[in-house]
Each structure stands twice: as structure tokens, then as C-alpha cells.
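Single-letter residue listing:
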Amino acid sequence: MSERSGLRRALKLPLAVQMLIGLVAGLTVGLLWPDVGASLRPVGTAFVEAVKMIVIPVVLSSVALGIYRMGSELKVLGRVVVICLGYFYLATVISILIGLLLNGIFHPGAGAPLAATGKVPANLAVSVDWIKFFMDMIPSNIVAAMAEQKILPTLVFAILFGLALASIGKVGEPMVAVLEAVMAAMFKMTKWITSLAPIAVFAIMSWLFATQGLATVVALAKLVAVMYLGLAIMVVIFWLILLAIGEKPIAVTKAVMEPMLLAFSTRSSEVTLPLHMEKLQAMGVPNRIVSVVLPLGYAFNRDGAIMYFALAVTFLAEAYGVTLTWSTLLTIVMVTTIASKGSANVPSGGLVAIAMVLSAIGLPVEALAIIAGVDAFLDMGRTAINVFGNTVAVKLVQRFGGELPVETPEAAPFALKTQDA
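Residues numbered from 1 in each chain as written. Predicted model: local features only at pLDDT ≥ 70, side-chain atom pairs only at ≥ 80, totals over all residues. Heavy atoms only, no water.

**Some remarks on helix α17 (residues 303-319)**
Side chains of residues three or four places apart in an α-helix project in the same direction, reflecting 3.6 residues per turn. The terminal C-alpha atoms of α17, which comprises 17 residues, lie 24 Å apart, in line with the 24 Å expected from a rise of 1.5 Å per residue. Counting buried residues in α17 gives 17 out of 17 residues, a clear majority hidden from the surface. Once α17 ends, the next one or two residues include G321, with phi positive near 80°. (Helix = DSSP H or I, 4+ residues; strand = E, 2+ residues; numbered from the N terminus. Expected span 1.5 Å × (residues − 1). Buried < 20%, exposed > 50% of the residue type's maximum accessible area, 1.4 Å probe, protein only.)

What follows is the structure, encoded as C-alpha cells:
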């Protein structure tokens, strides 16, 4: 019996490999049998909704617990926040510069067809109401904010809640136990849901290629190729950062391959959050670091998306014949940096950020329709890189966050269970 069970384990493919098979199979079905592929959309949608169901409880419980465990070490907590924000802005500027550099080398927008390949959302905002942005971060009704899947106000509440629990001492311990139970239960549900990921990836890719096709990709192939070259350069930069802090880049990449593939196929960063947290804790990153850094990163650190913003704007500028002077490029850097953070809490945040930059350099927002047809294919790559960029952020905090209190088995029940599994 033991030999038979050992053989079954040996033949069982890793989840990442299963997802890759699902991705290739979905691409094939979508291109060869588009009617079948189009009909599979509900399967992928059901999976995405199932993951979104647990994202808010995970953010609330994990962030509150992470802050609670650092509550007695406010200097360490402050250092973690400074490292996070410093890295986020440095990565933002580097991402923008890569996009501008690649456009300067390859000029994918020169002679590009100006025919619209898709539609721009109606009433797309071209600016961020900063007062409303900051006010929205303070939830007047936390239950309503959580019901509306608003990450930032939930994050703010969880941080304050964790600090409050740390400050009230023993009387808060029963609530801490409840939060630990909630987090453990959410991660158990994550395992159940992500076991179905290969089927969901197959369905999503089938629908995507059945409905989008390859016609627009061929028409804007140069932009797509330059975009993925930029993403590859970003991966190399991330590897160099990991190498510099004593990590093994290939090992780290393999460890987070499942959330990256999930991000690639679903084009949603928040869908990967529970699985990403699970993988980082299984790698030995303390729960209190993962719990604080990763939700912050998912809200504010979108390296792949930001590089795309810069590349998309310069592509459209050249397509419209706009001369990219040094002052125009500086405007793109400054507005993209601000817009990428300010659009984090608004609907269609990525498109809003691009629209803001287009308006700043005098291009019509309607220009977005030119690249809208290939946006889904570009979105897959940049979302996967967002996941990897946040992995680097977590590793940097782990390396430079200072001495943290020793984490007891009770403080990280899920991390230990993951390693035992």
C-alpha cells in the first residue's frame, strides 16, 4: 500500500504545472473552437468570485494580527513602513524609466494603426479627487466598505484595529484568538478553492482567446513584444535585488510561481492575495511581515502596471505624432508616479492613471481605444509582474526590517501547518 501511495504522489503534478497545462489547453480551445471557449466564461467567473469572497476577511484578520504582533515594537513597525514606501516609490520610478527607455529604443508607436481596437469605458475620469481619495480611506461604515470589496479602507481599519488590540493588553487576547481562527479558516478555504485553479485557468483562457482572438494582437504586435521585453527586464532586476540581499532568485521565483500564474490567467492581483500569503509564509517569512507588507503592496505597488502606463502613453504619443521632448518625458514620469498611487482606490484605476497622463501631455483620452483591444493580453503579463514585485518587497522588509520579536508557534499557526502539509 505504501509503495502504491508513493507512486500516486510521484505521478501527481504540482499545481503550477497543472495551471500551465490548463493555460495551454484553454488557449488551444479558444482559438480552435471559439464557440466552446466563449461558453466557458461562467466557470472562470465563479472561481474569481470565490477567491474574492475570502480576500476581505484575509486582509482584515492578517493585517490586524500583523500590526498587533508588532504593536509593542513601534520602531520596528515604523521601519517596516518606511522600507515599504521607499521601495514602492523607487520601484515606480524604475518601472517608468524602463518603459520610456524601451519606447526610445524600439518606437513601437511609430506608424502604428490609429484604428480603434476596443472601447474606452464611458465617463472615464481623467483626474483623481484627492480629497475624496483620502476621505474614502477612512470608512464611516467598515461593514459597508468590506461589503463593497474596498481594500484601502479595510486596510486602514485593520491597521488601527491591530494597534488598538496591542495597546489594551490582556483584555484583547480573546479577539486575537478569534482573528487567528478566522485567518486559519480563510487559508483552509484558500486551499480548497485554489485546488480548482487549473480548471478555472482553462476556462478563463478559453473565453479570452475565443472572444479577443489574435487579430488585434497581430496589428499591435510590436507594442505587445516590447511590453513583454520590458517585463522580462524587470524580472532580471528583481533577481539582482534578491541576489544582493542573499536570496536565491530562481528558488524564490519557483516558490511564488502559482500566484504568478494565477495572476497571469485571471488578470487580477487581489485574487492571488490569499495564495501569495500562503506561499510566502511557507518560505519562512514571518507572518507579521507578510500580513503587513503584502496588502500594502497590492494597494500601492504595481510595478508591471506602472511600466505599462509609461509605455502605453509614449506609444500613443508617437502614434499621434507628438514629439517626446525632455519636458514631455519629465511630465510623463511625474504624472505617472502620482497617478499610479492616486488611482489605487478608484474604479478602472489603471485606465484612470493612463487617462491622467494623456491629458497632461495634451492627447485625447479616446486614444486609449487604439490599444484597448490588446489590453487583456498586456494585462496578463503586468499583473504577474505585480505579484513578483511584491514578493521582492516582502523579502526586502524581511532582510532590513530590523530585529523582530521571536514568533511563537501560536502566533503563526497557519505558517506551521503549511510547512507540515
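**Quick notes on the UniProt feature "transmembrane region" (unreviewed entry) in the protein chain**
Under the feature "transmembrane region" (unreviewed entry), the UniProt entry names residues 12-33, 45-68, 80-102, 151-171, 192-211, 223-245, 306-339 and 351-378. For the annotated span residues 12-33, helix accounts for 82% and strand for 0% of the residues, and the straight-line distance between the end C-alpha atoms is 29 Å. Split by type, residues 45-68 is 100% helix and 0% strand. Its first and last C-alpha atoms lie 35 Å apart. (UniProt positions renumbered as here; feature names shortened; annotations may be inferred.)

**A closer look at the environment of M146**
Along the chain, M146 falls in helix α7 (residues 142-147). Spatially, the C-alpha atom of M146 lies 8.5 Å from that of P57, the residues being 89 residues apart in sequence. Leave out the neighbours within four places in its chain, and M146 touches I56, L60 and T154. (Contact = heavy atoms within 4.5 Å.)

**A few points about helix α15 (residues 269-282)**
Between its first and last C-alpha, α15 extends 20 Å over 14 residues, near the 20 Å set by a 1.5 Å rise per residue. Most of α15 is tucked away: 11 of the 14 residues are buried. By the burial criterion, the buried members of α15 are V271, T272, L273, P274, L275, H276, M277, E278, K279, L280 and Q281. Where α15 begins, the side chain of S268 points an oxygen toward the backbone nitrogen of V271, at a separation of 3.5 Å. (Polar contact = N/O pair within 3.5 Å; in protein donor to acceptor, adjacent residues only side chain to side chain.)

**Concerning the packing of helix α4 (residues 41-70) against helix α16 (residues 287-300)**
When two helices pack together, their arrangement is given by the angle between the helix axes and the distance between those axes. Interaxial distance between α4 and α16 falls to 8 Å at its minimum, and their mutual angle equals 125°. With respect to each other, α4 and α16 are oriented oblique. As α4 runs across α16, the sense of the crossing is left-handed. Mapping the contact onto sequence places S62, V63, G66, I67, R69 and M70 in α4 and N287, R288, I289, S291, V292 and P295 in α16. Looking at the contact of α4 with α16 residue by residue, the classes come out as six nonpolar, four polar and two charged. (Axes fitted to C-alpha atoms, helices over the stretch in contact; angles between N-to-C directions. Parallel < 35°, antiparallel > 145°, perpendicular 65-115°, else oblique. Left-handed = near helix turned anticlockwise from the far one by under 90°. Nonpolar A, V, L, I, M, F, W, Y, C, P; charged D, E, K, R; others polar.)

**Some details on the packing of aromatic side chains**
By the definition in use, this model includes five aromatic pairs. Relative to F377, the ring of F209 has its centre 5.3 Å away and its plane inclined at 65°; by these criteria the two rings are edge-to-face. Of this pair, F209 sits in helix α10 (residues 197-212) while F377 is found in helix α21 (residues 375-400), placing the two residues 168 residues apart along the sequence. Take F377: its relative accessible area is 5%, and that puts it in the buried class. In this structure, R382 packs its charged tip against the face of Y308, placed 3.9 Å from the ring centre. (Phe/Tyr/Trp six-rings, centres within 6.5 Å; stacked < 30°, edge-to-face > 60°. Lys NZ or Arg CZ within 6 Å of the ring centre and 35° of its normal.)

**Brief notes about the confidence of the model for the protein chain**
Chain-level statistics for the protein chain give a pLDDT mean of 82 and a share of 84% at 70 or above. The least confident element of the protein chain is helix α22 (residues 413-420), whose mean pLDDT is 39; the most confident is helix α13 (residues 249-255), at 94. Here residues 408-421 is a poorly scored stretch, pLDDT under 50, and it has 17 contacts once near neighbours within four places are set aside; other chains count. (pLDDT = per-residue confidence, 0-100.)

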